[in-house]
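If you want the building blocks of each chain, they are given just below.
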Amino acid sequence: MSLLEIKNLHANIGEKIILRGINLSVNAGEVHAIMGPNGSGKSTLCQVLGGRDGFEVTEGSVEFDGLNLLDMETEDRANAGLLLGFQHPVEIPGVKNIYLLKESLNAQRKARGLGELDTFAFMKQVRELVKSMQMDDAFLHRGVNAGFSGGEKKRNEILQMLLLQPKLALLDETDSGLDIDALKIVSEGINRLRGSDRGIVLVTHYQRLLSYVEPDFVHILYKGQIIKSGDKSLALQLEAEGYEDILKAAS
């Protein structure tokens, strides 16, 4: 059974139609990359799956781990194991990183019938992850993303992902704004999440991320539909030739 099964998904924001029939199946253990020109609906797809307000699903279905995702509240989707990494992570001044991490983890554990993690066990776990992301412990005591550089924000999101261990991670342009060193660190974090019991969906414009996080499947999204799918060689083709010929064929 698929971990994520999207069938004929249509979605609007206001009167603007963005998704026009998305079909996508993601099995546990797979990494899928979604590419496409600006304005194709890539970020909208992630936000609809994450449960962001303002989008209206007008047709289609989404099943996540056997559950009807579209009937679930945003927090229930998170507790069920879905994580959305934002293209532009928001800043939350006044809320320390460490408090957000601890409350998020314990809320997830509670939803799964587990007890709260004690402070000692939590700190040991989170400090190991901070070290692996080449971040300083001082980041834990700063406001969430407040004053962080673009690369620090993205590393902070991967830190959250590794702590929460989602069943499905939707990462919307995680490579955006990263220099080569930060890209390698973020990619290593994504690869540590890979496993036979979880799936990853990467939205990206560039082959460079896929050189470090090798996808099982690459999909091209255009005008709200997936118009072509293939293996990692499809991303290499796009890097070399661009979208023109593929979009002409689809038209």
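Our structure's up above, just so we're on the same page.
Residues numbered from 1 in each chain as written. Predicted model: local features only at pLDDT ≥ 70, side-chain atom pairs only at ≥ 80, totals over all residues. Heavy atoms only, no water.

**Student:** Summarise the sheet that holds strand 10 (residues 199–203); cite the residues concerned and give the values.
**Tutor:** The strand order across the open sheet formed by six strands is 6-9-10-3-11-12, and the pairing between neighbours is mixed. Every other strand in the sheet has two partners, leaving strand 6 (82–85) and strand 12 (225–230) as the edge strands with one partner each. Within the sheet, the average angular offset between the axes of one strand and its neighbour, ignoring direction, is 20 degrees. The sheet contact formed by strand 3 (residues 31–35) and strand 10 spans four bridges and is parallel. The residue of strand 10 that forms the bridge with Val31 is Ile200. Running at roughly 145 degrees to strand 6, helix 1 (residues 42–50) makes contact with strand 3, strand 6, strand 9 (168–172), strand 10 and strand 11 (217–222) of the sheet. (Pairing = 2+ DSSP bridges. Helix = DSSP H or I, 4+ residues; strand = E, 2+ residues; numbered from the N terminus. Axes fitted to C-alpha atoms, helices over the stretch in contact; angles between N-to-C directions. Contact = heavy atoms within 4.5 Å.)

**Student:** Describe the environment of Gly195, naming the residues involved and giving the relevant values.
**Tutor:** Its place among the elements puts Gly195 in the loop between helix 6 (180–193) and strand 10. Separated by 104 residues in the primary sequence, Gly195 and Glu91 have C-alpha atoms spaced 30 Å apart.

**Student:** Account for a nonpolar patch on the surface, naming residues and giving values.
**Tutor:** Taken together, Val90, Ile92, Val95 and Tyr99 make up a surface patch of nonpolar side chains, about 350 Å² in accessible area. When its relative accessible area of 32% is taken as the criterion, Ile92 is described as partly exposed. (Patch = residues over 30% accessible without salt bridge, like charges linked within 9 Å, V, L, I, M, F, W, Y side chains within 5 Å. Areas by Shrake-Rupley, 256 points an atom, 1.4 Å probe, with all protein chains shown as cover. Salt bridge = Lys/Arg side-chain N within 4 Å of Asp/Glu carboxyl O. Buried < 20%, exposed > 50% of the residue type's maximum accessible area, 1.4 Å probe, protein only.)

**Student:** Please set out the layout of surface pockets residue by residue, giving values where relevant.
**Tutor:** A volume near 910 Å³ is recorded for the largest pocket. Lining the largest pocket are 36 residues, with Ala78, Leu83, Leu84, Phe86 and Gln160 positioned closest to its centre. Contributions of two or more residues to the lining of the largest pocket are made by helix 1, helix 2 (74–79), strand 6, helix 3 (97–111), helix 5 (150–164) and strand 9. (1 Å grid on protein atoms, 1.4 Å probe; cavity = no way out; pocket = protein on both sides within 12 Å on 5 of 7 lines; lining within 4 Å. Points joined across faces, edges and corners; volume = space filled by probe spheres on them.)

**Student:** I'd like a rundown of the packing of helix 4 (residues 119–132) against helix 5, residues and numbers included.
**Tutor:** Contact geometry for helix 4 and helix 5: axes closest at 10 Å, N-to-C directions at 135 degrees. Taken together, the axis directions place helix 4 and helix 5 in an arrangement best described as oblique. Classified by chirality, the crossing of helix 5 by helix 4 is right-handed. Residues Phe122, Gln125, Val126, Leu129 and Val130 of helix 4 touch helix 5, and the partners they reach there are Leu159, Leu162 and Leu163. Partitioned by chemical class, the residues of the contact of helix 4 with helix 5 number seven nonpolar, one polar and no charged. (Parallel < 35°, antiparallel > 145°, perpendicular 65-115°, else oblique. Left-handed = near helix turned anticlockwise from the far one by under 90°. Nonpolar A, V, L, I, M, F, W, Y, C, P; charged D, E, K, R; others polar.)

**Student:** Can you lay out unusual backbone geometry for me, pointing to particular residues and giving the numbers?
**Tutor:** Note: most peptide bonds trans; most residues except glycine with negative phi. At Gln165, a residue that is not glycine, the phi angle is positive and equals roughly 50 degrees. With respect to the element layout, Gln165 can be found in the loop between helix 5 and strand 9. Here Gln165 falls in the partly exposed class, since its relative accessible area comes to 32%. With a phi close to 50 degrees, Lys223 is a non-glycine residue in the positive phi region. With respect to the element layout, Lys223 can be found in the loop between strand 11 and strand 12.

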